[in-house]
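If you want the building blocks of each chain, they are given just below.
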Amino acid sequence: MAVRRGALAGAVAAWRRLRTILEMIKFEHTLFALPFALISAVLAAGRLGRPHSLPAGSTLGWILLAMIGARSAAMAFNRIVDARYDAANPRTVARAIPAGALTVRQVGAFTAGAVALFLYAAYRLNPLCMALSPLALAAVLGYSYTKRFTSLSHLALGFAIGIAPIGAWLAVTGHFAPEPLLLGAAVMLWIGGFDVIYALQDVDFDHRAGLHSLPRAIGMGPALLVSRLVHVAMLGLLAVVGVLAGLHTIYFAGLVAVAALIAYEHALVSPGDLSRLNVAFFTLNGWVSVSLLVFVVLDRWMTPR
């Protein structure tokens, strides 16, 4: 009986640690980039002559697991690398590692497991995905160091996440094409633009800690202007993707709706008022990616071929 109780107590403790880790890495925000990977997979199926069909369920499953593994590894690794900065920043001091809820070793073990999941998913997809997986890992893990030396770290984050739609296309077709490269570039600009907005709340701390960001380098007002211009460029790239992929009215109507969401996101934030920043950053960006996926699927399934 004592052995059973000990095993149960250990299982409960392990589950609590896992829940704390998932909360720490904001696991639910995998939703941001996953729809763009699925958009790419749907468009790739169309390139293969199956415009009204989804890729194989097993392929979609391994794409999903690859996304979960890569993002989880990147976020957990970031929490390890930035632990001393998180401990010094009043906004982040309550995060799991500086607060003592988790140890670096525990988060490191989770990171290793997430890396293993990503590599195995890439292996199950196809040889090209497996061959390129170390480069993808270098990008998603290496981002955490860019804040130490460049104000363009926002684009480094965007580049790392922008790999997702490229990888999804390769998983379905096994070769490169212009559409996923442009879609990846659009994601890079989208993520980079709203990461600039998110960085507004840490300008003072970044100055004290010697970290780099665009708001710190050029000021909050000019940084917001750059963010808006970057998002306009993102919308332009998405329009080009639609043309190249042979999408129709439904998709472009969806793109107008996405543009309205992004405009509203920018309207919520100003240098003198960051009170609605979390709504702009988390809620609206989730709607942007999910909405665009819905419109792509509707365009593929409802437009006669």
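Going by the structure above, here's the rest.
What counts, and at which threshold
- Residues numbered from 1 in each chain as written.
- Predicted model: local features only at pLDDT ≥ 70, side-chain atom pairs only at ≥ 80, totals over all residues.
- Heavy atoms only, no water.
- Axes fitted to C-alpha atoms, helices over the stretch in contact; angles between N-to-C directions.
- Helix = DSSP H or I, 4+ residues; strand = E, 2+ residues; numbered from the N terminus.
- Parallel < 35°, antiparallel > 145°, perpendicular 65-115°, else oblique.
- Left-handed = near helix turned anticlockwise from the far one by under 90°.
- Contact = heavy atoms within 4.5 Å.
- Nonpolar A, V, L, I, M, F, W, Y, C, P; charged D, E, K, R; others polar.
- Phe/Tyr/Trp six-rings, centres within 6.5 Å; stacked < 30°, edge-to-face > 60°.
- Buried < 20%, exposed > 50% of the residue type's maximum accessible area, 1.4 Å probe, protein only.
- Salt bridge = Lys/Arg side-chain N within 4 Å of Asp/Glu carboxyl O.
- Core = buried A, V, L, I, M, F, W, Y, C linked by side-chain atoms within 4.5 Å.
- Expected span 1.5 Å × (residues − 1).
- Patch = residues over 30% accessible without salt bridge, like charges linked within 9 Å, V, L, I, M, F, W, Y side chains within 5 Å.
- Areas by Shrake-Rupley, 256 points an atom, 1.4 Å probe, with all protein chains shown as cover.

J.: Where do I start with the packing of helix H9 (residues 178–198) against helix H14 (residues 277–302) in this structure?
T.: The description of two helices packed together rests on the angle between their axes and the distance between the axes. Their axes nearest at 10 Å, the elements H9 and H14 cross at an angle of 165°. Taken together, the axes of H9 and H14 are roughly antiparallel relative to one another. The two elements H9 and H14 cross, and the hand of that crossing is left-handed. Contact residues: H9 offers Trp 190, Phe 194, Asp 195, Ile 197 and Tyr 198, while H14 offers Leu 277, Asn 278, Phe 281, Phe 282, Asn 285, Val 288 and Ser 289. Across the contact of H9 with H14, the residue classes break down as 8 nonpolar, 3 polar and 1 charged.

J.: Help me understand the packing of aromatic side chains, please; the structure alone is not making it clear to me.
T.: Aromatic ring pairs are described here by two measures, namely the spacing of the ring centres and the angle between the planes. Enumeration according to the criterion identifies 6 aromatic pairs in this entry. Between Trp 190 and Phe 194, the ring centres sit 5.3 Å apart and the planes meet at 75°, which makes this aromatic pair edge-to-face. One end of the pair is Trp 190 and the other is Phe 194, both in helix H9 and 4 residues apart, which spans about a single turn. The same class applies to Trp 190 as to Phe 194, namely buried. Their ring planes at 80° and their centres at 5.2 Å tell us that Tyr 251 and Phe 252 sit as a pair that is edge-to-face. Using a relative accessible area of 29% as the deciding quantity, one classes Phe 252 as partly exposed. Feature note: the residues Phe 36, Trp 190 and Phe 194 constitute an aromatic cluster, connected by ring pairs.

J.: Just checking my understanding: could you explain the packing of helix H12 (residues 220–244) against helix H13 (residues 249–267) for this structure?
T.: Two numbers describe how H12 lies on H13: the axes approach to 11 Å, and their chain directions differ by 170°. It follows from the interaxial angle that H12 and H13 lie roughly antiparallel. Only Tyr 251, Phe 252, Leu 255, Val 258, Ala 259, Ile 262, Glu 265 and His 266 of H13 make contact with H12, whose side of the interface consists of Leu 224, Ser 227, Arg 228, His 231, Met 234, Leu 235, Leu 238, Ala 239, Gly 242 and Val 243. Residue composition of the contact of H12 with H13, grouped by class: 12 nonpolar, 4 polar and 2 charged.

J.: Please explain the pattern of salt bridges as it appears in this structure.
T.: Where charged atoms from two side chains of opposite charge come close, those side chains can pair. Applying the stated criterion across every chain yields a total of 5 salt bridges. When the shortest N-O distance is used, the salt bridge between Glu 179 and Arg 47 registers 2.5 Å. In this pair, Glu 179 sits in helix H9 while Arg 47 sits in helix H2 (residues 34–47), placing the two residues 132 residues apart along the sequence. The salt bridge partner of Asp 82 is Arg 148, with a shortest N-O separation of 2.9 Å. Taken as a pair, Asp 82 in the loop between helix H3 (57–81) and helix H4 (83–88) and Arg 148 in the loop between helix H7 (127–146) and helix H8 (153–173) lie far apart in primary sequence, 66 residues in all. On the accessibility criterion, Asp 82 (5% relative accessible area) is buried. Each member of the salt-bridge network shares a partner with another, and the members are Asp 82, Lys 147 and Arg 148.

J.: Sorry, what's going on with the environment of Ile 80 here?
T.: The residue Ile 80 is located in helix H3 in this model. Each C-alpha atom, one on Ile 80 and one on Thr 103, is 9.2 Å from the other, the two residues being 23 residues apart in sequence. With near-sequence residues (within four places) excluded, Ile 80 lies in contact with Ile 97, Val 104, Val 107, Gly 108 and Thr 111.

J.: Before we go on, may I ask you to explain the nonpolar core in this structure?
T.: What tends to happen in soluble globular proteins is that the nonpolar side chains get buried as a cluster. Residues Phe 36, Trp 190 and Leu 238 are the most contacted members of the largest nonpolar core, which totals 73 residues. For Trp 190, the residues in contact, after removing those within four places along its chain, are Phe 32, Phe 36, His 231, Met 234, Asn 285, Val 288 and Ser 289. In terms of nonpolar packing, the next biggest core, distinct from the first, is built from 11 residues, Ile 21, Met 75, Leu 102 and Phe 110 among them.

J.: Looking at this structure, how should I read H12?
T.: Each α-helix turn comprises 3.6 residues. Residues three or four places apart therefore point the same way. With 25 residues, H12 ought to run about 36 Å at 1.5 Å a step, and its terminal C-alpha atoms sit 36 Å apart, in line with that. Looking at H12, one finds that the buried residues are Ala 223, Leu 224, Ser 227, Val 230, His 231, Met 234, Leu 235, Leu 237, Leu 238, Val 241 and Gly 242. Residues of H12 that are buried sit in contact with H2, H9, helix H11 (214–218), H13 and H14. The first or second residue beyond H12 is Gly 246, which carries a positive phi of 70°.

J.: Just checking my understanding: could you explain a nonpolar patch on the surface for this structure?
T.: There is a patch of nonpolar side chains on the surface, built from Leu 54, Val 294, Leu 298, Trp 301 and Met 302 and spanning about 460 Å² of accessible area. Among the structural elements, Leu 54 can be located in the loop between H2 and H3.

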